[in-house]
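# Analysis of the macromolecular model
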Amino acid sequence: MIQAIEWIEDDAPAVRIIDQTVLPAVESYLDLRTVDELVDAIARLAVRGAPALGAAGGYGVALAERQAAREGWGQARLAAEIERVALARPTAVNLEWGASRVDAVRREGEGRALEEAHRIVREDEAANRELSRLGADWLLARTEKKALRALTHCNTGALATAAWGTAYGVLKELHDRGALEMVYVDETRPLLQGTRLTSWELAQDGIAHMVQVDGAASSTILRGLVDFVVIGADRIAANGDTANKIGSVAAALAAQRAGIPFLVAAPMSTVDVGLASGNLIEIEERAESEVLAVSGTSMSAPGVHGFNPAFDVTPHDLIDGIVTERGVIEPHRTQPAFT
Ligand code: MRU
């Protein structure tokens, strides 16, 4: 299985990531040895996807500690560098969650930070496998069909997690049970996580799929070409409102109109129980050049401005199910109780 992020202890310790900015054309790895390098990789989306960012946050604390020892930082500088990692991107709660979890234990002894970061990675794989199983069960029961056609948005596979995947994991589980006929993959503008990453993973797993432009999603759903929609999440508020890659809410609206299930698949580390509702979620706005240019070539008239929100929020009443490793919650029916 692809490993998006790991810790290596060569001559100098590093966070090793697969560089997701150049996939699938080039399969190359980056060894990040400083906080600056890690923060830059997170900001450029060389490592991305909420659960993978949770691992990056955890390993980031261990990396900062090692750099502190090498360069003689005091506690104040170390705390500031850890905060820089935690806040490198604002929307996926996992990043801050991973960094805070490891930060909270790092004073307990040498090696404790790294041990906790490794634990985050192990737990994420276990959670993803469990939620995939539960999500597949729920979809098969809900649709009462034996072979399903899916639509998904962005990338939620092994690349976006510590291992296995979330929404992608549900698709893989259905495929392994012989219950998945076809996946419509939204290209996911502007950085093409669907075209470049999800499609690459699906091809490796031998799962039948087609990539479509994001604008096709609602029509594909309304034409009856899919039986369900499954997406991942970057942050889920206590009431079930869900932030995910821009374009997700359009698919949810169409799914509701078409009367097909709209499922959110995410580990509990993506649930922000302290946040009452989705309108409190900070939505990352990225550079306008990502929208206005394709492969570095400008597509717009000079002086035109771009609007580039990276995420949207799907209100809970449009969501039929949120599956975590603890079970499925149906937020459109009842107030969710995440425990
Ligand atoms: O900007 P990205 O590529 O980090 O956005 C990723 C997504 O929106 C994913 O759907 C989400 O993080 C879930 S990944 C299992």
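Residues numbered from 1 in each chain as written. Predicted model: local features only at pLDDT ≥ 70, side-chain atom pairs only at ≥ 80, totals over all residues. Heavy atoms only, no water.

### Some details on the pattern of salt bridges
The final tally for this structure, using the stated rule, is 28 salt bridges. Of the charged contacts in the structure, one is a salt bridge between R89 and E284, with a shortest N-O distance of 2.8 Å. Linking R89 in the loop between helix 3 (75-86) and helix 4 (93-103) with E284 in the loop between strand 11 (271-272) and helix 10 (289-292), this pair joins segments that are 195 residues apart in sequence. Using a relative accessible area of 8% as the deciding quantity, one classes E284 as buried. The closest approach of N and O atoms between R133 and E130, which form a salt bridge, is 2.8 Å. Of the two residues, R133 and E130 are both situated in helix 5 (residues 112-143); the distance of 3 residues between them amounts to about one turn of the helix. For R133, a relative accessible area of 35% corresponds to the partly exposed category. According to the relative accessible area criterion, E130 is partly exposed, its value standing at 28%. Here the salt bridges share partners, and the residues they tie into one network are R101, E108, R112, E115, E116, R119 and E123. (Salt bridge = Lys/Arg side-chain N within 4 Å of Asp/Glu carboxyl O. Helix = DSSP H or I, 4+ residues; strand = E, 2+ residues; numbered from the N terminus. Buried < 20%, exposed > 50% of the residue type's maximum accessible area, 1.4 Å probe, protein only.)

### What to know about helix 1 (residues 35-44)
Residues of helix 1 that are buried: V35, L38, V39, A41 and I42. Projected down its long axis, helix 1 carries its buried residues within an arc of 160 degrees, all on one side. Positive backbone phi, at 70 degrees, marks L45, one or two positions downstream of helix 1. (Arc of directions from axis to C-beta.)

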